[in-house]
Amino acid sequence: LFFIVLLFAVGFAVQGLSSLEGVSTFEVYGYQITATTPFVLVVLLLLALAAFLLGQLWAFLVQAPHTLEKWRDKKRYQEGFDHFLLTLESFREGDFKGAQKHGKKSQKLLPHPALKDYWGAELAVFENTPQKALPFYEDLPKRSQGSWVGLMGMMEQFSRLENWEKVHETCQQAFAMRPKNKKVVDKLLQAQFQLSYYDDLLKLLPHAQKYSSYTSEFLDDVESMIYYEKFKVTSNSKDQQKFLKKSLQASAMNFLSFEQTLELETNDKKKLKLLNDFFKKCPSLEVYNLWQQTIKGQPNQYYKRRLKAFLKGHEGHFVEFYVQAHEAYRLDHHDQCLEFCDKGLAVFQSQQLLKLKMLSLQALEKHDEVTLCLEKLADYGQYIFIGDYFAEFASMWQMKDIFEKQNHLSETKQSLLLTHGWKWQDGPRLGTGNWRRSAVKRQA
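To keep things clear, this report deals only with the structure shown in the data block. Sequence order sets the numbering: in each chain, residues are counted from 1 along the sequence as written. Where totals are concerned, whole chains, interfaces and linings use all residues; where local detail is concerned, this predicted model gives features only for residues with pLDDT of at least 70, and gives and counts side-chain atom pairs only at 80 or more. Here the side-chain values reflect all heavy atoms present in the structure, with hydrogen atoms and water set aside.

## A word on a nonpolar patch on the surface
Formally: A residue counts toward a patch only above 30% relative accessible area and without a salt bridge, and it is joined to like-charged neighbours within 9 Å or, for Val, Leu, Ile, Met, Phe, Trp and Tyr, to nonpolar neighbours within 5 Å. Using the Shrake-Rupley algorithm and a 1.4 Å probe, accessible areas are obtained, with residue cover drawn only from the displayed protein chains. Within this document, salt bridges are pairs made up of a side-chain nitrogen of Lys or Arg and a carboxyl oxygen of Asp or Glu, the two lying within 4 Å of each other. Strands are runs of DSSP state E lasting at least 2 residues, helices are runs of H or I lasting at least 4, and numbering of each runs from the N terminus.
The grouping of Leu54, Leu57, Trp58, Phe60, Leu61 and Val62 at the surface amounts to a nonpolar patch, some 690 Å² of accessible area in total. Examined against the element boundaries, Trp58 turns out to sit in helix α2 (residues 37-93).

Structure below.
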């Protein structure tokens, strides 16, 4: 369009100049040239137009390599982006060979160097080879665009290799960038636990209560066990008592701390009071065994009163019948044992209690009834005592598995709640609700 307008302008200019009159004279190398003024002006105009066109041609020739390069880069970028999307699709479909093929092509075609590190890391993770993935993730933080992805990747791969020192170091860098990120807080908790950095863990717990994915009850149990660990490494009696007290304040179900508290107490009456209070809120077989050891195992003039005080708060519940049945069996009162077993089995069809009933029946030589009980045994379930949850938690603590198997602990707690007649009641919003005790007795 510009060229056409230019031609029209030249045409109008020539037409306008042709009406001019006059003569121009030039002297070139001794020669004198005479021409009309309109002719000279038209020639100059045409020469200027030719110079402009030659300049445009020269500019095109000079810019041609750069233009060609831009066109090629655009084509490579589009093709590389297509392979990038195909790689994502292959990852989602679990097609490792396809992901590897398209990933390598996207690395080759797309110009950003961080992409090579990213796809190299992702392919190594897909192959489950953390050692191969780490060099790629370590290169990503050197570039501002990939620092967060690199840190998160290193955090996960060092965790797989169980290199907790490196996990802790990486988590601290990520925590400085995003202290409210749940994955970072979770992994930092785990690293500090694995390295036994209990003081650091205690400082982090209030923050983790808000920003980690773990429940507040679980973190309370963690805090309780930290104080128990601190108790074990101190020899000062005052510090021991202080740590045990804090441990039980954090979690009233910590049987290990309670057992140590009981050992520090020398007065039997106070011991029995401690046992009664603990058993009331956290009934478990371990506490029952400690009670037996405290009363010296044999009945005396205080036996009935002590047993009644021990079972206070559990009247009519399975726990009362279970303990009463065991006590009757221990004292060879088998008819009384059978009576309590039947009462307990009416509340909960427990394998533990049914086996005890079979032992009493065998002692009374009622073999036909033993056979009938044996046939029912497979249909009965295991009763979960409230204290069983913390026993499992403490076991996983010793094995350094509490964070990895936290979901399993949650399932155990849910089974415990259902065993004791609690049901989940949905709240007004999705994801809200609470546990409420059901009026119906739960069967196995």
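## Focus: the environment of Lys182
Test applied: For each residue, the accessible area found with a 1.4 Å probe, counting protein chains only, is set against the maximum for its type, and the residue is called buried under 20%, exposed over 50%, and partly exposed in between. Note on contacts: a residue pair qualifies if any of its non-hydrogen atoms lie within 4.5 Å across the two residues.
With respect to the helices and strands, Lys182 occurs in helix α8 (residues 182-194). Since its relative accessible area comes to 49%, Lys182 is described here as partly exposed. Apart from residues lying up to four places away in sequence, Lys182 is in contact with Tyr211, Ser212 and Ser213.

## Quick look at the pattern of salt bridges
Summed over all chains, the structure comprises 8 salt bridges. Put simply, Lys230 and Asp199 hold a salt bridge, and the shortest N to O gap is 2.7 Å. Taken together, the residues Lys230 in helix α10 (residues 216-232) and Asp199 in helix α9 (residues 198-211) connect sequence positions 31 residues apart.

## Some details on the nonpolar core
This is how the line gets drawn: Put simply, buried Ala, Val, Leu, Ile, Met, Phe, Trp, Tyr and Cys residues joined by side-chain atoms within 4.5 Å make one nonpolar core.
With 87 residues, the main nonpolar core has Leu189, Val222, Trp291, Phe393, Trp397 and Ile402 as its most contacted residues. Per element, the largest residue contribution to this core is 8 residues, and it comes from α10. In this view, Trp397 contacts Phe193, Tyr198, Val222, Met225, Ile226, Glu229 and Ile402; residues no more than four positions away in its chain are not counted.

## Notes on unusual backbone geometry
Glycine aside, a negative phi is what most residues show, and trans is what most peptide bonds show. With a phi angle near 60°, Glu162 is a residue other than glycine that sits in the positive phi range. Mapped onto the secondary structure, Glu162 falls in the loop between α6 (147-160) and α7 (164-177). Overall, the relative accessible area of 59% leaves Glu162 in the exposed class. Phi at Lys400 takes a positive value of approximately 60°, unusual for a residue other than glycine. Along the chain, Lys400 falls in the loop between α20 (386-398) and α21 (406-419). On the basis of relative accessible area, Lys400 is assigned to the partly exposed category, the value being 23%.

## What to know about the packing of α10 against helix α11 (residues 237-250)
This is how the line gets drawn: Every axis in this analysis is a line fitted to C-alpha atoms, fitted for helices over the stretch in contact. Angles between the N-to-C directions lie between 0 and 180 degrees. If an angle is under 35 degrees, it is roughly parallel; if it is over 145, roughly antiparallel; if it lies from 65 to 115, roughly perpendicular; otherwise it is oblique. A crossing counts as left-handed when the near helix is turned anticlockwise from the far one by less than a right angle, and as right-handed when that turn is clockwise.
Taken N-terminus to C-terminus, the directions of α10 and α11 make an angle of 165°; their axes are 8 Å apart at the nearest point. By the angle between their directions, the pair α10 and α11 is classed as roughly antiparallel. The handedness of the crossing between α10 and α11 comes out as left-handed. Contacts between α10 and α11 pair Asp220, Glu223, Ser224, Tyr227, Tyr228, Lys230 and Phe231 from the former with Gln240, Phe243, Leu244, Lys246, Ser247 and Ala250 from the latter.

## Considerations on the packing of aromatic side chains
The following threshold applies: Only rings of Phe, Tyr and Trp enter the pairing, Trp through its six-membered ring, and a pair is recorded when the two centres are within 6.5 Å. The plane angle decides the type: under 30 degrees is stacked, over 60 is edge-to-face, the rest tilted. Only when the NZ atom of a Lys or the CZ atom of an Arg is both within 6 Å of the ring centre and within 35 degrees of the ring normal do we say a charge sits over the ring.
Inspection of every chain in the model, using the stated rule, returns 25 aromatic pairs. Ring geometry for Phe318 versus Tyr383: centroids 4.0 Å apart, planes at 25°, classification stacked. Within this pair, whereas Phe318 is found in helix α16 (residues 318-330), its partner Tyr383 is found in the loop between α19 (367-376) and α20, the two being separated by 65 residues in sequence. Classification of Tyr383 as buried rests on a relative accessible area of 7%. Measuring from ring centre to ring centre gives 5.4 Å for Phe390 and Phe393, while their planes differ by 35°; the resulting arrangement is tilted. Separated by 3 residues within a single helix, Phe390 and Phe393 lie in helix α20, roughly one turn from each other. Of the two residues, Phe390 and Phe393, neither departs from the other in class, the shared state being buried. One aromatic cluster is present, formed by Phe193, Tyr198, Tyr214, Phe218, Tyr389, Phe390, Phe393, Trp397 and Phe403 through successive ring pairs. In this structure, Lys400 is placed above the aromatic ring of Phe193, and the distance from its NZ or CZ to the ring centre is 4.5 Å.

## Quick notes on the side chain of Glu327
Note the following rule: Here a polar contact is taken to be a pair of N or O atoms separated by no more than 3.5 Å, where protein atoms must pair a possible hydrogen donor with a possible acceptor and residues adjacent in sequence count only if both atoms sit in side chains.
Take Glu327: it is sitting in helix α16. Assessed through its relative accessible area of 2%, Glu327 is described here as buried. A distance of 2.9 Å separates a polar atom in the side chain of Glu327 from a polar atom in the side chain of Gln292. A distance of 2.7 Å separates the side chain of Glu327 from the side chain of Arg330, its partner in a polar contact. Setting aside anything within four residues of it in sequence, one finds Glu327 in contact with Tyr288, Trp291, Gln292, Tyr303 and Leu307.

## Focus on α20
Along α20, the residues that are buried comprise Gly387, Tyr389, Phe390, Phe393, Ala394, Met396 and Trp397. Count one or two residues on from α20 and you reach Lys400, which has phi positive near 60°.

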